[in-house]
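# Fold and geometry: a report
Each chain, written out:
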Amino acid sequence: MVPKGFTALPLPIAQLSLAAVLKCGQSFRWVAYPLVASEEIKAEQPTEAPTHEYRFALKDRVICLRQDSNSLFYRAVFPKDVADACKDPKVAKKKEEETLDWLNDYFQLDVDLISLYTEWAERDVVFRENVKDRFAGIRMLRQDPWENVISFICSSNNHIGRITKMVQSLCTSFSPPICTEPSPEDGEDPSSPQVYHAFPSPKQLAADDVASKLRELGFGYRAEYVQRTAEMLCEEHEDPQAYLLGLRKLSTEDARAELLKLCGVGPKVADCVLLMSMDKKMVVPVDTHVHQIALKYYGLRGTPSGKGGKVPMTPKIYEAVGSKLVETWGDYAGWAHSVLFTADLRSFASYGLPTPTGTPVKQSLPPTPVPPTPSESDSDYFGTSPTKKRKTRASGSPSKLKRVKTE
DNA sequence: ATAATACCCAAT
DNA sequence: TTGGGTATTA
């Protein structure tokens, strides 16, 4: 049944799992509210009722979402002035359409995730046997570039928990409240009226005192990056947000070059932005975590000297990891990477995944020759891929792309 | 043009 | 002590 005040959108859980997608480190702004198990109807049976409500503050409204196995339920909460204007059916209808349009765009619902999972399963045995059926519905969000850039500048050398807290601070400290709304708890508990703030604009984060304020808020050295990036964008562009949005039209390499000009934006952060808000679906951001996954499950060679634990990330290794994963997954490699990344977050490794060490991963529909077990040493990072891989199937590499002298 | 290091904070 | 990195300096 449809929750009161919500509109239902037919959508199988395999196409989108809010629980996985909204909390896996793509966006850091969704707040999850547990819903009390309605009645004793919790009497077994396939999970029917939604277990959580998720909320996200947009410019002029708060989006509320719930879902069960077959539907996505949504509704928007507006500030008083807009709500009043909505008494006019015309306005109300327009606002509702905007919300639906936003949902379709944000979740990229025109992309059939089932087909992608099928393709990845055919190409990758690890995905096929250990991920596909256990981690369904994990898709790439299409986020606002500005928010994405700032959020990921905050992500450097950091973990999801703290990043979430920092982004939250950004909103409550530099952006005025949009509106308030009680927590879901069906029995309208006036207990804790939540206050929602949109993500601050470039101008709001470009003010001089922002950096010091961020320091106090615990941003550490990222404080200056955020303020300077905002400042830089405001100085160079009449409309910073429109400029960033415009980067979607550029090639991956050109857009990356632009992003790398920003303070606190290096190869990894730039790739996150390209993948999550610039439509560059093949880009695979490589952090140490992804590096580990590639080493462990995709036959990527460790460093020649094979130092026990730590392997410093170099541009060369970054490129090698990215290329390897693109070869494995194809043109939606970035999306696939997100599934593996999320699965790994939920520690699928502890479920006894077979590792290449002793279990040669055999690609069945292979653009890639079987990577042999990491046997002997070698000064290369690839598992024998003698086939001319000269073309560097796009993405992945931030290095050697363009000299971008930045006059 | 490839390597070390510092940086701010939190978790182990 | 070690990162879900980047910028700076050697």
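Residues numbered from 1 in each chain as written. Chains lettered and ligands numbered in written order. Predicted model: local features only at pLDDT ≥ 70, side-chain atom pairs only at ≥ 80, totals over all residues. Heavy atoms only, no water.

## Focus: the packing of helix α14 (residues 288-297) against helix α16 (residues 333-345)
For clarity, the cut-off: Comment: axis = line fitted to C-alpha atoms, over the contacting stretch for helices; angle = value between 0 and 180 degrees taken between N-to-C directions. By the criteria applied, helices consist of DSSP H or I runs no shorter than four residues and strands consist of E runs no shorter than two, each listed in order from the N terminus. Any angle between 65 and 115 degrees counts as roughly perpendicular, while under 35 counts as roughly parallel, over 145 as roughly antiparallel, and the rest as oblique. Note on contacts: a residue pair qualifies if any of its non-hydrogen atoms lie within 4.5 Å across the two residues. Lys, Arg, Asp and Glu make up the charged group, whereas Ala, Val, Leu, Ile, Met, Phe, Trp, Tyr, Cys and Pro make up the nonpolar group; the residues left over, Gly among them, are polar.
Where α14 contacts α16, the two axes come as close as 11 Å, and the packing angle between them is 95°. When the axes of α14 and α16 are compared, the pair comes out roughly perpendicular. On α16, the residues that touch His289, Val290 and Ile293 of α14 are His337, Leu340, Phe341, Asp344 and Leu345. Within the contact of α14 with α16, the residues separate by chemical class into 5 nonpolar, 2 polar and 1 charged.

## Considerations on the packing of aromatic side chains
Definition in use: Here a pair means two rings of Phe, Tyr or Trp (six-membered ring of Trp) with centres within 6.5 Å. Their orientation is stacked below 30 degrees between planes, edge-to-face above 60, and tilted elsewhere. Burial classes follow relative accessibility: with a 1.4 Å probe on protein chains only, a residue under 20% of its type's maximum area counts as buried, one over 50% as exposed, and anything between as partly exposed. Whether a charge sits over a ring comes down to the Lys NZ or Arg CZ being within 6 Å of the ring centre and within 35 degrees of the ring normal.
By the definition in use, this model includes 16 aromatic pairs. Between Trp30 and Phe107, the ring centres sit 6.5 Å apart and the planes meet at 40°, which makes this aromatic pair tilted. Residue Trp30 is found in the loop between α1 (18-21) and β2 (31-34), and its partner Phe107 is found in the loop between α3 (89-106) and α4 (113-123); the two are separated by 77 residues along the sequence. With a relative accessible area of 0%, Phe107 lands in the buried category. A ring pair is formed by Tyr117 and Trp120, whose centres lie 5.6 Å apart and whose planes are at 45°; its orientation type is tilted. Taken as a pair, Tyr117 and Trp120 lie in helix α4 at a separation of 3 residues, close to a single helical turn. For the residue pair Tyr117 and Trp120, the accessibility class agrees, reading buried in each case. Each member of the aromatic cluster is reached from another via a ring pair, and the members are Trp30, Phe56, Trp102, Tyr106 and Phe107. If you follow Arg29 out to its NZ or CZ, it ends over the ring of Phe56, 4.2 Å from the centre.

## A short note on the domain arrangement of chain A
Note the cut-off: Domain start and end points were adopted from an automatic or database domain assignment. Here's the idea: put two parts together, see how much 1.4 Å probe accessible area each one loses, and the total over both is what we call buried area. Salt bridges are identified by distance alone: a Lys or Arg side-chain nitrogen within 4 Å of an Asp or Glu carboxyl oxygen.
Here chain A is partitioned into domain 1 (1-109), domain 2 (144-279) and domain 3 (281-303 + 310-349). Computed over C-alpha atoms only, the centres of domain 1 and domain 3 are separated by 32 Å. Carbon and sulfur atoms make up 52% of the surface buried where domain 1 meets domain 3, a total of about 380 Å² over both sides. Its largest share of buried area at the contact with domain 3, domain 1 owes to Ala20, Cys24 and Gln108, together 75% of the area lost on that side. Counting across the domain 1 and domain 3 interface gives 0 salt bridges. A per-class count over the side of domain 1 that touches domain 3 returns 3 nonpolar, 2 polar and no charged.

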